[in-house]
Amino acid sequence: MSLLKILIFPDTRLRTVADPIGSIDNSIKKLSQDMLETMYAGNGVGLAATQVNIHKRLVVVDVSEEKNDPLILVNPEVEILNFEKNKIYAEGCLSVPGFYEEIERPNMIKIKATSIEGKKINLKAEGMKSIVLQHEIDHLDGKMFVDFLSNVKRQRIRQKLLKQKKKKKI
Ligand code: NI
């Protein structure tokens, strides 16, 4: 396995809409393992292929305390978002390092997807798992959690991350 390079906001490649995966070949299986390793190395709870500059509809998630319950979803599609009950959660993102902001999203989600073994999956999630899945599926459509923030807040994050990027190049 190998660690992948994560794109950092405001990199415009994060705005790419990912393509559906046709067949789950070995390159997709390896990518999913590399994404899990990259996610765990960064102490993340989710990672979308978009974030490692591969524009295919693949996400990995692990919201367990012990980091031993990985979920790999190929072509995840939101079937139902329940807007009756919302949840406010301080979200972070491996592509927006160091920033956590409270975002309000529906508390319940139903998803259909394909497993890495090629089996159809129907999944219902609530609470944190639901939030993380919504966040990761957004990435596949080029959307990010900073889009939920005010322009002022988003610009502030943008400027700080651009400054850090400049510093690293020296
Ligand atoms: Ni993210």
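Our subject in this report is the structure included herewith.

What counts and how
Residues numbered from 1 in each chain as written. Predicted model: local features only at pLDDT ≥ 70, side-chain atom pairs only at ≥ 80, totals over all residues. Heavy atoms only, no water. Patch = residues over 30% accessible without salt bridge, like charges linked within 9 Å, V, L, I, M, F, W, Y side chains within 5 Å. Areas by Shrake-Rupley, 256 points an atom, 1.4 Å probe, with all protein chains shown as cover. Salt bridge = Lys/Arg side-chain N within 4 Å of Asp/Glu carboxyl O. Helix = DSSP H or I, 4+ residues; strand = E, 2+ residues; numbered from the N terminus. Buried < 20%, exposed > 50% of the residue type's maximum accessible area, 1.4 Å probe, protein only. Pairing = 2+ DSSP bridges. Donors = N, O, S within 2.8 Å, 3.2 Å for Na, K, Ca; no water. Lys, Arg positive; Asp, Glu negative; His and termini not counted. Charge placed at Lys NZ, Arg CZ, Asp CG, Glu CD.

What follows concerns a nonpolar patch on the surface. Together, Val-78, Leu-81 and Phe-83 give the surface a local cluster of nonpolar side chains, amounting to about 270 Å² of exposed area. Looking at where Phe-83 falls in the secondary structure, it is placed in strand S3 (residues 71–91). For Phe-83, a relative accessible area of 58% puts it in the exposed group.

The next point concerns the pairing of S3. Each regular strand displays side chains that alternate between the two surfaces of the sheet. Summarising the sheet, strand S2 (residues 58–61) and S3 pair through four bridges and their orientation is antiparallel. Bridging from a neighbouring strand, Leu-58 pairs with Val-74 of S3. Across twelve bridges, the pairing between S3 and strand S4 (residues 101–114) is antiparallel. Looking at S4, one finds that Ile-80 is bridged to Lys-110.

A few words now on the coordination of the nickel ion. Bound to the nickel ion on the protein side are Cys-93 (SG), His-135 (NE2) and His-139 (NE2), at distances that span 2.1 to 2.2 Å. Read in sequence order, the donor residues coordinating the nickel ion give the pattern C-x41-H-x3-H. Here His-135 and its partner His-139 are both found in helix H2 (residues 127–140), four residues apart, which amounts to about one turn of the helix. Residue His-135 shares its accessibility class with His-139, and that shared class is buried.

What follows covers a positive patch on the surface. Where like charges cluster on the molecular surface, the positive patch consists of Lys-5, Lys-165, Lys-168 and Lys-169. Here Lys-169 lies in helix H3 (residues 151–169).

Side-chain pairing between opposite charges can occur once the charged atoms of the two side chains come close. Counting across every chain of the model gives seven salt bridges. We note a salt bridge from Arg-13 to Asp-11, for which the minimum N-O separation is 2.8 Å. On the basis of relative accessibility, which here comes to 39%, the residue Arg-13 falls in the partly exposed class. In this structure, Arg-105 and Asp-138 form a salt bridge, with 3.0 Å as the shortest nitrogen-oxygen distance. Within this pair, whereas Arg-105 is found in strand S4, its partner Asp-138 is found in helix H2, the two being separated by 33 residues in sequence. Here Arg-105 and Asp-138 have matching classes, each one buried.

Geometric descriptors of this kind do not, in isolation, establish any biological role.
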